[in-house]
Amino acid sequence: MMKINLALDWTPNINHIGFFVAQNQGFFKEYDLDVNLISPSEDNYALTPAKKVELGKADLALCPTESLISYRTKENSFPLLGIAAIFQEDLSAIAVRKDSHINSPKDLDGKVYASYEAKYEDAIVKEMVKNDGGKGDLKISYPEKLGIWDRLIEGNADSTWIFMNWEGVVAEKMKYEFNYFKMSDHDIPYSYSPVISGSREKIDLEPDLYAKFLQASKKGFLWSKEKPQEAITILKNHLTENEADIDLMKCLNYSAPHLGDDDSWGKMDLDSVQTFLDWLRSKGLEKQAFKSSDLIRVDLV
């Protein structure tokens, strides 16, 4: 059996359900794969998933499209290559508490944005504010990643970037109400997240191995749609204690329509990615010109 280490982007959550199902149901084994799922809690988020791939500590990582760009443009360039997307569209949004009286992105001027310190992140949010008629004059804070959501709840930050199918579901149970601003509603052609990525050199050497991983993963995600209660039970065993009361069925119901089907799961549209790359350059957020085919391989899924 071939060993594959996949570095998750966050502690286990609904975005990862297909991997845990594939592991539990033996789908990886069907393809002669021994897959190890690495939670970032193992090193307290010291290394990003993409960094683990670069250092050889993981074979694959979950990351946003932006990481594919930033690893090519850093001083010691690394050929990080995207091979599949979990969702067919962006399920993220900027979240604010309704009692903050922030009713649209332009109201974020002068307010605190809690950032994950990802490349392009702060600038993208500022562009959203500008597109809504604001100045893009945000006050950026960089809390510990695991404390960002709490800072928003406690009023120590006015906004942050969330996944609607996870924190958005958590928010529905809270005493606070939230407003959400999606990138696509404010002329930001944001791309895929999370993306399954790895080293171009390794993928080019063993494309069949990575294709098998994607096929087994696809089975896991689509099985989750067909047997949601069983899938939720599997995922629940991997959640942290403070996430035990999350409404996983609601999370999965939100996620499932965006997973695609047997023909479309994992596929990324090169034109869509190119639109995002061109937008970054047009806004002066990235100087280098890339073709989407430089960053993404579409023939493995």
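As a reminder, the structure under discussion sits directly above these lines.
These remarks concern the structure in this document. In this text the structure is predicted, and so the values were computed from the model without any measurement. (Residues numbered from 1 in each chain as written. Predicted model: local features only at pLDDT ≥ 70, side-chain atom pairs only at ≥ 80, totals over all residues. Heavy atoms only, no water.)

### A word on the overall build of the protein chain
Item 1. A tally of regular secondary structure across the protein chain gives 13 helices and 10 strands.
Item 2. Across the 301 residues that make up the protein chain, the buried fraction comes to 55%.
Item 3. Once local pairs closer than 6 in sequence are excluded, the contacts in the protein chain between residues at least 24 apart make up 79%.
Item 4. Surface exposure of the protein chain reaches about 13500 Å², of which carbon and sulfur atoms provide 45%.
Item 5. Side-chain charges in the protein chain split into 36 positive and 49 negative, and the spacing between the mean points of these groups amounts to 2 Å. (Helix = DSSP H or I, 4+ residues; strand = E, 2+ residues; numbered from the N terminus. Buried < 20%, exposed > 50% of the residue type's maximum accessible area, 1.4 Å probe, protein only. Contact = heavy atoms within 4.5 Å. Areas by Shrake-Rupley, 256 points an atom, 1.4 Å probe, with all protein chains shown as cover. Lys, Arg positive; Asp, Glu negative; His and termini not counted. Charge placed at Lys NZ, Arg CZ, Asp CG, Glu CD.)

### Topic: unusual backbone geometry
Item 1. Cis rather than trans, the peptide bond between serine 193 and proline 194 has omega equal to 0°.
Item 2. Along the polypeptide, proline 194 turns up in the loop between strand 9 (178-181) and strand 10 (195-199).
Item 3. With a phi angle near 60°, histidine 101 is a residue other than glycine that sits in the positive phi range.
Item 4. With respect to the element layout, histidine 101 can be found in the loop between strand 5 (92-97) and strand 6 (112-114).

### A word on the pattern of salt bridges
Item 1. Here the structure, examined in full by the defined rule, presents 13 salt bridges.
Item 2. One salt bridge connects glutamate 127 with lysine 130, and the closest N-O pair in it is separated by 3.6 Å. With glutamate 127 and lysine 130 both in helix 5 (residues 121-131), this residue pair falls 3 residues apart, about one helical turn.
Item 3. Here aspartate 262 and lysine 218 are joined by a salt bridge, their closest N and O atoms 3.6 Å apart. Of the two residues, aspartate 262 sits in the loop between helix 11 (248-255) and helix 12 (270-282) while lysine 218 sits in helix 9 (residues 207-226), which places them 44 residues apart along the sequence. (Salt bridge = Lys/Arg side-chain N within 4 Å of Asp/Glu carboxyl O.)

### Concerning the sheet that holds strand 5
Item 1. Pairing in this open sheet of 5 strands is mixed, and the strands run 7-6-8-5-9 from one edge to the other. Single-partner strands in this sheet number two, and they are strand 7 (139-141) and strand 9. Strand-to-strand, the axes of this sheet are offset by a mean angle of 35°, without reference to chain direction.
Item 2. Pairing analysis gives 4 bridges linking strand 5 to strand 8 (residues 159-163), with the strands arranged antiparallel. The partner of serine 92 across the bridge, within strand 8, is phenylalanine 163. (Pairing = 2+ DSSP bridges. Axes fitted to C-alpha atoms, helices over the stretch in contact; angles between N-to-C directions.)

### With respect to the environment of glutamate 206
Item 1. Here glutamate 206 shows up in the loop between helix 8 (200-205) and helix 9.
Item 2. Since its relative accessible area comes to 37%, glutamate 206 is described here as partly exposed.
Item 3. Taking the C-alpha atoms as reference points, glutamate 206 and valine 96, 110 residues apart in sequence, are found 44 Å from one another.

### Some remarks on the sheet that holds strand 2 (residues 33-38)
Think of a sheet as strands paired side by side through backbone hydrogen bonds, with each pair either parallel or antiparallel.
Item 1. Sheet architecture is open: 5 strands sit in the order 2-1-3-10-4, paired in mixed fashion. Each end of this open sheet is capped by a strand with a single partner; those strands are strand 2 and strand 4 (80-85). Neighbour-to-neighbour, the strand axes of this sheet turn through a mean angle of 30°, independent of strand direction.
Item 2. Of the strand pairs in this sheet, strand 4 and strand 10 are connected by 5 bridges, and their pairing is antiparallel. Counterpart to leucine 81 in the pairing with strand 10 is glycine 198.
Item 3. Its contacts with the sheet place helix 1 (residues 17-24) against strand 1 (2-7), strand 2, strand 3 (60-63) and strand 10, and it is angled at close to 140° to strand 2.

### A word on the side chain of asparagine 13
Item 1. Take asparagine 13: it is sitting in the loop between strand 1 and helix 1.
Item 2. There is a polar contact of 3.1 Å between the side chain of asparagine 13 and the backbone oxygen of threonine 11.
Item 3. Here asparagine 15 takes part through its backbone nitrogen, which lies 2.9 Å from a polar atom of the side chain of asparagine 13.
Item 4. Discounting residues that sit within four places of it in the chain, asparagine 13 has contacts with Trp166, Leu235 and Leu239. (Polar contact = N/O pair within 3.5 Å; in protein donor to acceptor, adjacent residues only side chain to side chain.)

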